[in-house]
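Listed here are the chains, written in short residue letters.
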Amino acid sequence: MQDLLPRQKEIFRYIEDTVRGVLESYGYAEIGVPVLESTQLFSRLVGEATDIVEKEMYTFEDRNGDSLTMRPEGTVGVVRMGQENGLLFNQIQRFWYAGPMFRHERPQKGRYRQFEQIGAECFGMGGPDIDAELLFMCQRMWQALGVSDEIHLELNSMGTAECRAAYRSELVAYLEDRRDGLDEDSLRRLETNPLRILDSKVPKTQELLADAPTLTNFLDEESQAHFDQLRRVLDQKQLPYQVNPSIVRGLDYYNKTVFEWVTDSLGAQGTVCGGGRYDGLVEQVGGKATPGVGFAMGLDRLAMMLDDKFESTAGADVYIASLGETARAYALLLAEDIRGNLGHGKVVVHCADGKLKSQMKKADASGARVAIIIGEEEVSKGEVTVKHLQTGEQQSVSAEGLIGHLSEILAGG
Ligand code: HAM
């Protein structure tokens, strides 16, 4: 679990503000769901045989003896929320959320046990047009964040549960004949969740998979038509993508469209966003059949991509230094007055001891354009010294004229 230092947090905030702007322009409404849900919700809906449920959940008993889990992902909580609040059946919804998720994974660069996601979930739209709209929206977000050149889209269709069952038997038969070439993890998955073997990063297993049957050949007519139509719309918009039959996602609830946005600039943990369709999930939480589709992006990974080019706007505009006890008390009141009347800008008061030289060093380091210097004499005269930190010029300004003077300097750049 990482600590977020000020610069990192500022980048997170920038991503969230930018992404929120795009989400709102597509008509998404923000929602909040709890960090804790009943364990059973995740184990049943994310899938008993997934890595998340098998070995990554933070699960504990609360004081009533109920088993709770810190959410490893957002989708099933949103579906539960929508169902319990009557927001899904026969309605069209576009929701988004942001917040921390928790998975007990092996930590490495870009992979943490607490990480931040922004997710979007849509309900009541079963056709490929909403899938396309979600992908257009993602593309717009990458453009707004300035990372679209470094991210590409990988797309697949997982068809229906029936197509997957037929495919699974073929895949298992193929792999059973080649057991000797499989790594330990894949052998285990062969029993529990064979499709996940397609995701394997082990080179020997990947080699073996090159000639394996692909899910694409097992799609039923409807899934195939849905996928073809989605691809047509993406082609019309000239949104580039690669069809990657090995994208099966690590959660059990998907059907038809699945996708991942991937970057090469982060090493092994290059998936910055993943999602797809989950038309069966609402029924699984006890609702009437309602199609759903969505995605979630990882802020930690996006923040790493932005780190080099992000220009901080943190820091001060005005830094107030003071000498002596009376001046120090006056500085505090003056700062309140400036904040109340200037209407913008960041005002930082030194609020500590220190020689003028060291206070001015702090003023420079704060990024402020203006320092205000107050001594005992200035207080008695009702004046302050205003120093322009870029040019070094300084002048005395009367207390009454100060706000006007600061507005001019700050507006002037
Ligand atoms: P996911 O692929 O498990 O999907 O996670 C989505 C994104 O969260 C990943 O692409 C990655 O950027 C980020 N992420 C996942 N695990 C970690 C980690 N340990 N450390 C840092 N970042 C991580 C879901 O969670 C689905 N709920 C997405 C979805 C929404 N599908 C439909 N609707």
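Keep in mind the model is a prediction, meaning the values are calculated, not measured.

### A look at helix α6 (residues 161-176)
Between the first and last C-alpha of α6 there are 22 Å, a value that for 16 residues agrees with the 22 Å anticipated at 1.5 Å per step. Every buried residue of α6 is listed here: C163, R164, Y167, L171, Y174 and L175. All buried residues of α6 fall inside an arc of 90 degrees around its axis, so they share one side. Considering only its buried residues, α6 is in contact with α7 (184-192), α8 (203-209), α9 (221-236) and β9 (255-263).

### Comments concerning the site of the ligand
E73, T75, E105, E121 and Y254 are the nearest of the 26 residues found near the ligand. In this structure, Q117 approaches the ligand through a side-chain N or O atom, which is 3.1 Å from an oxygen atom. Y253 is positioned with one of its side-chain polar atoms (N or O) 3.0 Å from a nitrogen atom of the ligand. Calculation on the ligand without its partners gives an accessible area of 670 Å², and the protein chains cover 96% of this total.

### Considerations on the nonpolar core
Membership of the largest hydrophobic core comes to 47 residues, with the highest contact counts inside it found for W142 and W261. Sort the elements by how many residues they give to this core and helix α5 (residues 128-145) lands first, with 10 residues. Look past the residues within four positions of W142 in its chain and what remains in contact with it is V147, S148, I151, W261, C273, M297 and L302. Ranked by size, the runner-up nonpolar core spans 43 residues in total, among them M57, L88, F123 and L175.

### Focus: the pattern of salt bridges
Taken as a whole, this structure holds 23 salt bridges when the rule is applied. R80 serves as the salt-bridge partner of E84, at 2.9 Å between the closest nitrogen and oxygen. Of the two residues, E84 and R80 both sit in helix α4 (residues 75-84), 4 residues apart, roughly one turn of that helix. By relative accessible area, which is 16% here, R80 ends up buried. Taking the shortest distance from any N to any O, the salt bridge between D131 and R277 comes out at 2.7 Å. Of this pair, D131 sits in helix α5 while R277 sits in strand β10 (residues 271-277), placing them 146 residues apart in sequence. Per residue, the accessibility class of D131 equals that of R277, and both read buried.

### Notes on a nonpolar patch on the surface
On the surface, V35, L36 and F60 cluster together into a nonpolar patch covering about 210 Å² of accessible area. Counting through the fold element by element, V35 comes out in the loop between β1 (29-30) and β2 (36-38). By relative accessible area, which is 30% here, V35 ends up partly exposed.

### Describing the packing of aromatic side chains
Per the stated rule, a full pass over the model turns up 7 aromatic pairs. With a centroid separation of 5.4 Å and 55 degrees between ring planes, the pair formed by Y14 and F310 is classed as tilted. In this pair, Y14 sits in helix α1 (residues 6-25) while F310 sits in the loop between α11 (299-306) and β12 (318-322), placing the two residues 296 residues apart along the sequence. F310 gets classed as buried once you look at its relative accessible area, which sits at 13%.

### Considering the environment of C122
By the secondary structure assignment, C122 is in strand β6 (residues 114-123). C122 gets classed as buried once you look at its relative accessible area, which sits at 1%. In sequence terms C122 and I92 are 30 residues apart; their C-alpha atoms lie 7.5 Å from each other. Apart from residues no more than four positions distant in its own chain, C122 is found in contact with Y28, Q93, R94, I130, L134, Y278, P291, G292 and V293.

### Overview of the state of the cysteines
Here the structure, examined in full by the defined rule, presents 0 disulfides. In this structure C138 is not part of a disulfide, and its nearest cysteine sulfur, from C273, lies 4.3 Å away. The buried category is assigned to C138, whose relative accessible area is 0%.

### Here's the deal with the sheet that holds β12
Here we have 5 strands laid out as an open sheet, ordered β13-β12-β14-β15-β16, and mixed in their pairing. One side of each edge strand has no neighbouring strand; the edge strands of this open sheet are β13 (347-349) and β16 (394-398). In this sheet, neighbouring strand axes are inclined to one another by 25 degrees on average, regardless of whether the strands run parallel or antiparallel. Pairing geometry for strand β14 (residues 370-374) and strand β15 (residues 383-388), over 4 bridges, is antiparallel. Directly across from I373, in β15, lies its bridge partner T385. Along the sheet, helix α13 (residues 356-365) makes contact with β12, β14 and β15, crossing β12 at roughly 170 degrees.

### What about unusual backbone geometry?
Its identity as a non-glycine residue notwithstanding, K256 has a phi of 50 degrees, on the positive side. As for its position among the elements, K256 is in strand β9.

### Digging into the sheet that holds strand β3 (residues 58-61)
Reading across the sheet, the 3 strands line up as β2-β4-β3 and stay open at both edges, with antiparallel pairing between neighbours. Pairing within the sheet leaves two strands with one partner each, and these edge strands are β2 and β3. The average undirected angle you get between the axes of adjacent strands in this sheet is 35 degrees. Inspection of the sheet shows β2 paired to strand β4 (residues 67-70) by 3 bridges, in the antiparallel sense. Across the sheet, the residue bridging to L36 is M70, located in β4. Strand contacts of helix α2 (residues 39-46): β2, β3 and β4, with the helix running at about 75 degrees to β2, the strand carrying the most contacts.

Each value, and the rule that gives it
Residues numbered from 1 in each chain as written. Predicted model: local features only at pLDDT ≥ 70, side-chain atom pairs only at ≥ 80, totals over all residues. Heavy atoms only, no water. Helix = DSSP H or I, 4+ residues; strand = E, 2+ residues; numbered from the N terminus. Expected span 1.5 Å × (residues − 1). Buried < 20%, exposed > 50% of the residue type's maximum accessible area, 1.4 Å probe, protein only. Arc of directions from axis to C-beta. Contact = heavy atoms within 4.5 Å. Near = heavy atom within 4 Å. Polar contact = N/O pair within 3.5 Å; in protein donor to acceptor, adjacent residues only side chain to side chain. Areas by Shrake-Rupley, 256 points an atom, 1.4 Å probe, with all protein chains shown as cover. Core = buried A, V, L, I, M, F, W, Y, C linked by side-chain atoms within 4.5 Å. Salt bridge = Lys/Arg side-chain N within 4 Å of Asp/Glu carboxyl O. Patch = residues over 30% accessible without salt bridge, like charges linked within 9 Å, V, L, I, M, F, W, Y side chains within 5 Å. Phe/Tyr/Trp six-rings, centres within 6.5 Å; stacked < 30°, edge-to-face > 60°. Disulfide = S-S within 2.5 Å. Pairing = 2+ DSSP bridges. Axes fitted to C-alpha atoms, helices over the stretch in contact; angles between N-to-C directions.

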